[in-house]
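A closer look at the structure
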Amino acid sequence: MSTFYKDTRINGKLVRLEDVIDVIYARALETIDDSLYELLNDKDDDEFYEDYKEAFGHIVEKLQAFHNNED
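Here we summarise the structure given alongside this text. Given the structure is predicted, the values throughout are model-derived calculations rather than measurements.

To continue, consider the overall build of the protein. The secondary structure content of the protein amounts to 3 helices and 2 strands. Element order for the protein, N to C, with α for helix and β for strand: α-β-β-α-α. A total of 71 residues make up the protein; the buried ones form 13% of that total. Accessible area of the protein: about 6,400 Å², with a carbon and sulfur share of 54%.

Okay, here's the thing in structure tokens:
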């Protein structure tokens, strides 16, 4: 187990890495969701759903590529 996992502090408060991951995941998901709604708001319901689903998948792929240090 890493030292980061055992003793992670945010503003002096001890937190678990899982808690940090959960908070950041929720923030990222909300940001992506809000951004897609904002940018796709002029679509009809069916077109919006299809574009949202497709765009979300591409965003996840780009984040994974970034995480893997791919260009």
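We now examine the pattern of salt bridges. Taken as a whole, this structure holds 2 salt bridges when the rule is applied. For the salt bridge of Glu47 with Lys43, the shortest nitrogen-to-oxygen distance reads 3.7 Å. Classification of Lys43 by relative accessible area gives partly exposed; the value is 30%. Between Asp51 and Lys43 there is a salt bridge; the shortest N-O distance is 2.8 Å. A cluster of three or more residues bridged by salt bridges with shared partners is formed by Lys43, Glu47 and Asp51.

How each quantity is defined
Residues numbered from 1 in each chain as written. Predicted model: local features only at pLDDT ≥ 70, side-chain atom pairs only at ≥ 80, totals over all residues. Heavy atoms only, no water. Helix = DSSP H or I, 4+ residues; strand = E, 2+ residues; numbered from the N terminus. Buried < 20%, exposed > 50% of the residue type's maximum accessible area, 1.4 Å probe, protein only. Areas by Shrake-Rupley, 256 points an atom, 1.4 Å probe, with all protein chains shown as cover. Salt bridge = Lys/Arg side-chain N within 4 Å of Asp/Glu carboxyl O.

Read these as layout, nothing more, since geometry by itself doesn't imply function.
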